[in-house]
Amino acid sequence: MKNHLKKAPYLLFMLVIPLLAKIYQLLNLRAQKGVDLSTPIDHAIPFLSIFIIPYILWYGYIFFYLVYFCFKDTKVYLKTLILIVVAEIICFIIYFFFQTTVPRPNLEGNDLLTSMVQWIYKKDRPYNCFPSIHVLTTFAVMLASLHIKNKHMINNLCIHVTGGLIIISTLFVKQHVIFDMIGSMYLVSFLFGISFERLYLRVPNKSETVYVKNK
């Protein structure tokens, strides 16, 4: 418990996420014509309202696993958060200079799932698509989880199965196209290689002892 209390202040760094969301909203409101990157494969992918469930689950998924990382391995948590912040800033630059859009289907029906999709469509205009923030942050968590040791098998399964469903949900609810997904995964993979393999972010640990060799 005492160890967890020492790590809790690091959660304050997550306050950067609402700031990023605000920047996203400002870019999403810019009135300009977006480029359509959809392919014949995207057109062949059916709209399935059931996938709005994992799509919305993304909000809790990212928050829960960042908190989990913080208490499980603070170093991994900080690296993951930095990765997400840097990646989203790169996305914002792309959105500003190269805005894309995704054709949305005409929704019919007033069932719960369709209403949830309509709510998302209303809150999030069909811009800021390439790369996908949904895919970017989810894939970042999935890759970072590989550095978390001693995870329970069920937890490991939840991270990747739920993450996979969130990623493909962006295609089935017509919020993104394949190029958006690929672009996000490529960007995260590149930044992941830098942040987790070359940058060694060290969190002070009082239990460690530093030995100085006397000359």
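Residues numbered from 1 in each chain as written. Predicted model: local features only at pLDDT ≥ 70, side-chain atom pairs only at ≥ 80, totals over all residues. Heavy atoms only, no water.

Q: I'd love a proper account of unusual backbone geometry, names of residues and values included.
A: The omega torsion across Phe 130 and Pro 131 is -10°, close enough to zero to call that bond cis. Relative to the helices and strands, Pro 131 is located in the loop between helix 6 (112–123) and helix 7 (133–144). In this model, Asn 150 sits at a positive phi of 60°, which is unusual for a non-glycine residue. Its place among the elements puts Asn 150 in the loop between helix 7 and helix 8 (153–172). A positive phi is found at Lys 174, a non-glycine position, where the angle reads about 60°. Mapped onto the elements, Lys 174 comes out in the loop between helix 8 and helix 9 (178–197). Exposure remark for Lys 174: the relative accessible area of 13% places this residue in the buried category. (Helix = DSSP H or I, 4+ residues; strand = E, 2+ residues; numbered from the N terminus. Buried < 20%, exposed > 50% of the residue type's maximum accessible area, 1.4 Å probe, protein only.)

Q: Can you explain the packing of helix 4 (residues 52–72) against helix 6? Please cite residues and give values.
A: The N-to-C vectors of helix 4 and helix 6 enclose an angle of 50°; their axes lie 10 Å apart at closest approach. One way to sum up the angle between helix 4 and helix 6 is to call them oblique. Handedness of the helix 4/helix 6 crossing: left-handed. Across the interface between the two elements, Ile 52, Ile 53, Tyr 55, Ile 56 and Tyr 59 from helix 4 touch Leu 113, Met 116, Val 117 and Ile 120 from helix 6. By residue class, the composition of the contact of helix 4 with helix 6 is nine nonpolar, no polar and no charged. (Axes fitted to C-alpha atoms, helices over the stretch in contact; angles between N-to-C directions. Parallel < 35°, antiparallel > 145°, perpendicular 65-115°, else oblique. Left-handed = near helix turned anticlockwise from the far one by under 90°. Contact = heavy atoms within 4.5 Å. Nonpolar A, V, L, I, M, F, W, Y, C, P; charged D, E, K, R; others polar.)

Q: Kindly report on helix 2 (residues 16–28), identifying the contributing residues and their values.
A: Spanning 13 residues, helix 2 covers 19 Å between terminal C-alpha atoms, matching the ideal 18 Å at 1.5 Å per step. What helix 2 keeps buried is the set Leu 20, Tyr 24, Leu 27 and Asn 28. Axial view of helix 2: buried residues confined to an arc of 100°, hence all on one face. Exposed and facing more than 90 degrees away from the buried side of helix 2 are Pro 18, Leu 19 and Leu 26. Check the buried side of helix 2 and you find it contacts helix 5 (74–97) and helix 7. (Expected span 1.5 Å × (residues − 1). Arc of directions from axis to C-beta.)

Q: So what's going on with helix 4? Which residues, and what values?
A: In this model, helix 4 (21 residues) spans 30 Å end to end at C-alpha, consistent with the 30 Å of a helix rising 1.5 Å per residue. The sharpest bend along helix 4 comes to roughly 35°, located at Trp 58. Considered for burial, the residues of helix 4 that qualify are Ile 52, Pro 54, Tyr 55, Trp 58, Tyr 61, Ile 62, Tyr 65, Leu 66, Val 67, Tyr 68, Phe 69 and Cys 70. (Bend = angle between axes of the 7 residues up to and from the residue.)

Q: So what's going on with the side chain of Gln 175? Residues and values would help.
A: Relative to the helices and strands, Gln 175 resides in the loop between helix 8 and helix 9. Here Arg 104 takes part through its side chain, which lies 2.8 Å from a polar atom of the side chain of Gln 175. Those residues within four positions of Gln 175 in sequence are excluded, and the remaining contacts are Tyr 55, Val 102, Arg 104, Ile 120, Tyr 121, Asp 124, Cys 129 and Thr 170. (Polar contact = N/O pair within 3.5 Å; in protein donor to acceptor, adjacent residues only side chain to side chain.)

Q: Residues and numbers for the nonpolar core, please.
A: Side chains that are nonpolar tend, in soluble globular proteins, to be buried together. Formed by 55 residues in total, the largest nonpolar core has its most connected members in Tyr 61, Phe 69 and Tyr 77. Counting residues per element, the ones that place at least two in this core are helix 2, helix 4, helix 5, helix 6, helix 7, helix 8 and helix 9. (Core = buried A, V, L, I, M, F, W, Y, C linked by side-chain atoms within 4.5 Å.)

Q: Can you explain the packing of helix 7 against helix 8? Please cite residues and give values.
A: Taken N-terminus to C-terminus, the directions of helix 7 and helix 8 make an angle of 165°; their axes are 9 Å apart at the nearest point. With respect to helix 8, the axis of helix 7 lies roughly antiparallel. Regarding helix 7 and helix 8, the two cross each other, and that crossing is left-handed. Touching His 134, Val 135, Thr 138, Phe 139 and Met 142 of helix 7 are Ile 159, His 160, Gly 163, Gly 164, Ile 166, Ile 167 and Thr 170, all from helix 8. Classifying every residue of the contact of helix 7 with helix 8 by side-chain character gives six nonpolar, six polar and no charged.

Q: Now, about the side chain of Asn 28: what can you tell me, with residues and values included?
A: Considering the arrangement of structural elements, one finds Asn 28 in helix 2. A distance of 3.0 Å separates a polar side-chain atom of Asn 28 from the backbone nitrogen of Arg 125. With residues near it in sequence (within four places) discarded, Asn 28 still touches Asp 124, Arg 125, Tyr 127 and Asn 128.

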